[in-house]
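Spelled out from the first residue to the last, the chains are:
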Amino acid sequence: MSNRPYVRPMAPSWYMQEGRYVRYMVREVTCLFIALHALVLIVGAFRLSQGPEAFNGYLQALWGPAGILLGLVLLVTTVIHSCTWFNLTPKAMPLWIGDKKAPGWIVVAAHYGGWAVVSLVILVLVGSL
Amino acid sequence: MGERQITLEVMRYRPETDTEPVFQTYAVPCQEEWVVLDALNYVKDNLDRSLSFRWSCHMAVCGSCAMVVNGTPMLSCKAFLRDLPDTIQVEPLRNFPIERDLVVVLDDFMEKLRSVKPYIVPKEAPATPDGTFRQSTKQLKMFKPFAMCINCLACYSVCPQYGLNEGFAGPAALALAHRYNADSRDVGRKAREDVVASNVGIWECTFVGACSEVCPKDVDPAAAIQQTKIASTVDYFTDLILPGRKVKGGPGKAAGGKA
Amino acid sequence: MEVIETDVAIVGAGGAGLSAAIAVAERDPNLKIALLSKVYPMRSHTCAAEGGAAGVAKDEDSLDKHFDDTVSGGDWLCDQDAVEWFVERAPKELARIERWGCPWSRDADGKVAVRPFGGMKIERTWYAADKTGFHILHTLFQTSLQFPSIKRYDEYYSTDLIAADGRCQGVMAIEMRSGQLKTFAAKTVIIATGGAGRVFPFTTNGAIKTGDGMAMAYRAGVPLKDMEFVQYHPTGLPGTGILMTEGCRGEGGILVNKDGYRYLQDYGLGPPDPWPRKKAMELGPRDMLSQAFWHEQQKGRTIQSASYGDVVHLDMRHLGQALIDERLPFVRDLARSYLGVDMVTDPVPVRPVVHYTMGGIHMENLVETPLKGLYAAGECACVSINGSNRLGSNSLTECLVFGREAGQRAAEQIGSLGAVNDTLVKERAEASRQALADLHMRPHSGESVSGIRREMHDTMESGAGIYRTADSLAQTCTDMANLRDRFNRVALEDKSAVYNTDLIQALELQSMVEIAETMAHSATKRTESRGSHQRLDFAQRDDEVFLKHSLATYNGQAAPTIDYRDVVITKSQPAARVYGGDV
């Protein structure tokens, strides 16, 4: 072949170049904060196993300025991560009612509903302790 | 009919003389109701015979004329000037080698399409007097949206996974695999999994979702791929629990992937 | 020059070409198949067909009724033995691609649904919503991918047949990505390149429909048959020529003039009620509907649109959004995008538009040309089942039925044809190379591809349109001779090799100029009105003289010679075409 196709390389910063890629990266990167949140909880459980004093120290750290800041960051990123994934669920799990495909918002709403129910149960459990 | 002056900046690449693509600017007197393809044809017929691009039907069904218009891949025959500013930048589809000007090399896609076995693997011949299968409305709706792909390849142009990993089968090919998997007349899912559920298939997709956003035919390849992932995962675990059921060409690294 | 040896070379990879390729591969997997197309298969214009494909499906329908509708629709210019053969195979081929996965629309019981089309006694048009051609094309293309013996040569532009020793021995083609001319030495060649609607300015046809295959056969000495018959589809969008499928009327859409009057009742298609009614009013044949528009225009009863000239209204509002979205979603989107009109709430402006060439390569025995080893199928071929006006939805079926037959016939006859003659092939290849080199070297002269194309469009529209006269045709014949001469001085502005579309467009223009000339001359000689060929100076059908096919034979730089050949009549004697009434 006498031709010479030109291959345009992908820029290393490709994920910064379009809004849709930035949104995608935000969704993906926030999963690290979910991991971090899990780690914080695991540390809490570990401290609890070391006795009341250790656990109180852990709680105090969480209520310090840095702890509160961390908590806020974790809350925001966890919400972003959860919501972006919830909003994608109709694509992965289409719902059929009879021979009609149900509108996507029903699937999304079901996820939010499930989330609300689980949160409520936990709150009730915590409150009754 | 109103006339409107458009500045068309077209990416040129002439492999016999250019070392890399450059933009060339044309001043095009356009009619208000024109599409970008009309402006390109004006250039071809009146300003520059050397500009090369593909087109045919001018009714958004042959899939020839997809190109990147002001940063977004679209069918140039359905890119209306009324929706665009006075300066319009046109490039070839991204993530494909440029053959010349707006013409890209499609060999890779054509091979990938073949690799996913996009044809009916029949269970058995229909036992009806007219020799056709019966299909309910729902059975038709299950696959029809994924059969609307015109292979324009706008989806590959925005898929970063395809850009980063040449081996990736990509949105359109995987959507077509799903189209046949979801067809009640077909039993070829296992046969397709060799490629579809391999390390160049669905598990390379990280659900960026850009493919579905730019698809001019609302095919939703992202949905097709996620649904295939779920089916493939279910297969994997069923095979694990019921080993007797194992069929050739299992889902490979199914469970290791990200859903 | 690279020589590619093959058993069957198929030029064109649309509905007919793919059907042929699959048929060869199924019949004998050892035969080498070269499938050439100037575009990727899925770009072929089959994809633009909307409304459906005809084949008897209902219990109350019959092959005879399909035959009658086809023959009367064609104004008795169809070869009836071929039509009988065709209608019998139609349902089988449509069922075959159902099994291959075509997403046909269905009835509630899961059977394939059918809709009525113009000129049909009973509904027999199988459809996949309003993208039938698209689905047929992709089903065929994707099905073809499982056959290793089909070797595709995508984006190869075929320039010449290799005709030598009384036989077709291959085809020459330019590999567009490299610009190299290659020789396909083939024992058999099947042409499936589609029609030539692009010789007219206002057409539903895509840019690729330039009649290259017809022109190749013509230059190789095979006559072009019935070229004067060009079908106008009555409902195209003004401006773009985008097709509003006949399915719009099949589902119940009506046509009205500027007074909101269903004008078709004035042209032998009424009475208007009850509606919908088969073979009447808006479900009359395409030629008569397009001609009725012309008469309304003469009477000043069309709607004057500032931007698009004269139109009538295709009104589908009474169908309701649910039905439109289920069965006509594509055309709804097209009208909305390209015209800004939503057919759910507003009538759609439409006008007649060049749609189909009934004429084509002369077929002697369904799929065989007079040149041994050369076959053809689809719109480029004139079998003739379409006569002087094709029945809507017969063309997709024609691609499947005759495409398959061409493949089978080629595979069957290949053994008796023997090897190609290498020396002769080389000689022809050299001649093609020289002609191409000459085109490349031609000095600038002021003649341009776009200029000659524009003038060809103008003269074909003004002189050889819906209605023709001796004077208008004489002018067009003169213009075309002139343009053919001037084409010899067109110089390429782009001299490069890789994907040179200046070169391809020049070669396409050469095909179109040759074909346009056969249309104008065949139309001049046919001093009668029949089907789509309407002469203001000879308003009647003349079966005494013209129950005949015209054959245009290539004469180099001189005008084509026009001869005639009898139409095959088996069971339907020519009669008056009757539509409307209380059918």
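See the structure above.
Criteria and thresholds
- Residues numbered from 1 in each chain as written.
- Chains lettered and ligands numbered in written order.
- Predicted model: local features only at pLDDT ≥ 70, side-chain atom pairs only at ≥ 80, totals over all residues.
- Heavy atoms only, no water.
- Axes fitted to C-alpha atoms, helices over the stretch in contact; angles between N-to-C directions.
- Helix = DSSP H or I, 4+ residues; strand = E, 2+ residues; numbered from the N terminus.
- Parallel < 35°, antiparallel > 145°, perpendicular 65-115°, else oblique.
- Left-handed = near helix turned anticlockwise from the far one by under 90°.
- Contact = heavy atoms within 4.5 Å.
- Nonpolar A, V, L, I, M, F, W, Y, C, P; charged D, E, K, R; others polar.
- 1 Å grid on protein atoms, 1.4 Å probe; cavity = no way out; pocket = protein on both sides within 12 Å on 5 of 7 lines; lining within 4 Å.
- Points joined across faces, edges and corners; volume = space filled by probe spheres on them.
- Domains from an automatic or database assignment.
- Pairing = 2+ DSSP bridges.
- Buried area = accessible area lost by both parts, 1.4 Å probe.
- Salt bridge = Lys/Arg side-chain N within 4 Å of Asp/Glu carboxyl O.
- Polar contact = N/O pair within 3.5 Å; in protein donor to acceptor, adjacent residues only side chain to side chain.
- Phe/Tyr/Trp six-rings, centres within 6.5 Å; stacked < 30°, edge-to-face > 60°.
- Buried < 20%, exposed > 50% of the residue type's maximum accessible area, 1.4 Å probe, protein only.
- Lys NZ or Arg CZ within 6 Å of the ring centre and 35° of its normal.

*Asks:* Requested: an account of the packing of helix H3 (residues 65-92) of chain A against helix H4 (residues 104-128) of chain A, with residues and values cited.
*Replies:* All names here are of chain A. The geometry of H3 relative to H4 is characterised by a closest axis approach of 7 Å and an angle of 140° between their N-to-C directions. In terms of orientation, H3 and H4 fall into the oblique class. For H3 against H4, the interelement crossing comes out right-handed. Facing Ser-82, Cys-83, Phe-86, Asn-87, Thr-89 and Pro-90 of H3, the residues of H4 in contact are Gly-104, Val-107, Val-108, His-111, Tyr-112 and Trp-115. A breakdown of the residues in the contact of H3 with H4 according to their chemical character gives 7 nonpolar, 5 polar and no charged.

*Asks:* Before we move on, can you summarise empty space enclosed by the protein with the specific residues and values?
*Replies:* Residues and elements named next belong to chain C. Across all of its chains, the model carries 11 cavities of 30 Å³ or more by this definition. Of the volumes computed, that of the largest cavity is approximately 690 Å³. Lining the largest cavity we find 49 residues, and of these His-45, Thr-46, Gly-194, Lys-209 and Glu-379 sit closest to its centre. Residue classes in the lining of the largest cavity are distributed as 19 nonpolar, 22 polar and 8 charged. When residues of the lining of the largest cavity are assigned to domains, at least three fall in each of domain 1 (3-231 + 356-426) and domain 2 (232-352).

*Asks:* Describe the sheet that holds strand S22 (residues 558-566) of chain C, and please don't skip the residues or the numbers.
*Replies:* All names here are of chain C. Strand order in the open sheet formed by 5 strands is S18-S16-S10-S21-S22, and the pairing between neighbours is mixed. Bordering the open sheet on either side are strand S18 (381-382) and S22, each of which pairs with just one other strand. Strand direction decides the pairing type here: strand S21 (residues 548-555) and S22, joined by 7 bridges, are antiparallel. Bridging from a neighbouring strand, Lys-548 pairs with Asp-566 of S22. Lying over the sheet, helix H14 (residues 501-525) contacts strand S10 (224-225), S21 and S22, oriented at roughly 55° with respect to S22.

*Asks:* Explain the interface of chain B and chain C to me, using residue names and the numbers behind them.
*Replies:* Counting residues at the interface gives 63 residues for chain B and 63 residues for chain C. Summing both sides of the interface, chain B and chain C together bury roughly 5,300 Å²; the carbon and sulfur share of this comes to 52%. Contact with chain C buries surface across chain B, with Arg-49, Met-59 and Met-110 of chain B losing the most and accounting together for 14% of the total. The tally of links between chain B and chain C comes to 8 salt bridges. At the boundary of chain B and chain C, one finds 34 residue pairs in polar contact (both at pLDDT 80 or more). If you tally residues by element for the side of chain B that touches chain C, the top one is helix H2 (residues 107-115) of chain B, at 5 residues. Class assignment of the residues belonging to the side of chain B that touches chain C gives a composition of 33 nonpolar, 11 polar and 19 charged.

*Asks:* Account for the layout of surface pockets, naming residues and giving values.
*Replies:* There is about 1,400 Å³ of room inside the second largest pocket. If you trace the second largest pocket, you find 43 residues lining it, with Lys-141, Lys-144 and Pro-145 of chain B together with Asp-325 and Pro-329 of chain C closest to the centre. Mapped onto the lining of the second largest pocket, the elements with two or more residues apiece are strand S2 (100-101) of chain A, helix H3 (137-143) and helix H9 (221-241) of chain B together with helix H8 (321-327) and helix H9 (329-339) of chain C. Of the residues that constitute the lining of the second largest pocket, the class distribution is 21 nonpolar, 5 polar and 17 charged.

*Asks:* Mind laying out the sheet that holds strand S3 (residues 66-69) of chain B, listing which residues take part and the relevant values?
*Replies:* Hydrogen bonds between backbone groups are what pair the strands of a sheet, and the pairing can be parallel or antiparallel. Residue and element names in this part refer to chain B. The strand order across the open sheet formed by 5 strands is S2-S1-S5-S3-S4, and the pairing between neighbours is mixed. Each end of this open sheet is capped by a strand with a single partner; those strands are strand S2 (22-31) and strand S4 (72-75). Within the sheet, the average angular offset between the axes of one strand and its neighbour, ignoring direction, is 35°. For S3 and S4, the ladder comprises 4 bridges, and the chain directions are antiparallel. In the strand pairing of S4, Val-68 is matched with Pro-73.

*Asks:* I'd like a rundown of the packing of helix H1 (residues 15-27) of chain C against helix H4 (residues 132-144) of chain C, residues and numbers included.
*Replies:* Residues and elements named next belong to chain C. Packing of H1 against H4 leaves a shortest axis separation of 9 Å and a crossing angle of 30°. Between H1 and H4, the interaxial angle falls into the category roughly parallel. The hand of the H1/H4 crossing is left-handed. Mapping the contact onto sequence places Gly-15, Leu-18, Ser-19 and Ile-22 in H1 and Leu-137, Leu-140, Phe-141, Thr-143 and Ser-144 in H4.

*Asks:* With reference to specific residues and values, describe the packing of aromatic side chains.
*Replies:* Scanning all chains against the criterion turns up 25 aromatic pairs over all chains. Centroid distance Phe-96 of chain B to Tyr-156 of chain B: 6.1 Å. Interplanar angle 45°. Geometry classified as tilted. With Phe-96 of chain B in the loop between strand S5 (87-91) and strand S6 (98-100) and Tyr-156 of chain B in helix H4 (residues 154-158), this pair connects stretches of sequence that are 60 residues apart. Aromatic pair Tyr-153 of chain C and Tyr-156 of chain C: ring centres 5.2 Å apart, planes at 80°, arrangement edge-to-face. In this structure, Tyr-153 of chain C and Tyr-156 of chain C share a single accessibility class: buried. Arg-179 of chain B extends its terminal NZ or CZ atom over the ring of Tyr-180 of chain B, reaching a point 3.9 Å from the ring centre. The side chain of Lys-131 of chain C reaches across the aromatic face of Phe-134 of chain C, ending 4.7 Å from its centre.

*Asks:* Now, about the environment of Asn-205 of chain C: what can you tell me, with residues and values included?
*Replies:* All names here are of chain C. By secondary structure assignment, the location of Asn-205 is in the loop between strand S9 (180-191) and helix H5 (212-219). Through-space distance from the C-alpha of Asn-205 to that of Val-449 is 19 Å; in sequence the pair is 244 residues apart. In this structure, Asn-205 is in contact with His-45, Ala-196, Gly-197, Arg-198, Val-354 and His-355, ignoring residues within four places of it in sequence. Here the side chain of Asn-205 touches Thr-204 through a polar contact of 3.3 Å, side chain to side chain.

*Asks:* Tell me about the side chain of Thr-210 of chain C, and name the residues and values.
*Replies:* Residue and element names in this part refer to chain C. Of note, Thr-210 is situated in the loop between S9 and H5. Only 3.0 Å separates the side chain of Thr-210 from the side chain of Lys-38, close enough to count as a polar contact. Here Asp-212 takes part through its side chain, which lies 3.0 Å from a polar atom of the side chain of Thr-210. The contact partners of Thr-210, leaving out residues within four places of it in the chain, are Lys-38, Gly-195, Ala-196, Arg-198, Glu-508, Ser-511, Met-512 and Ile-515.

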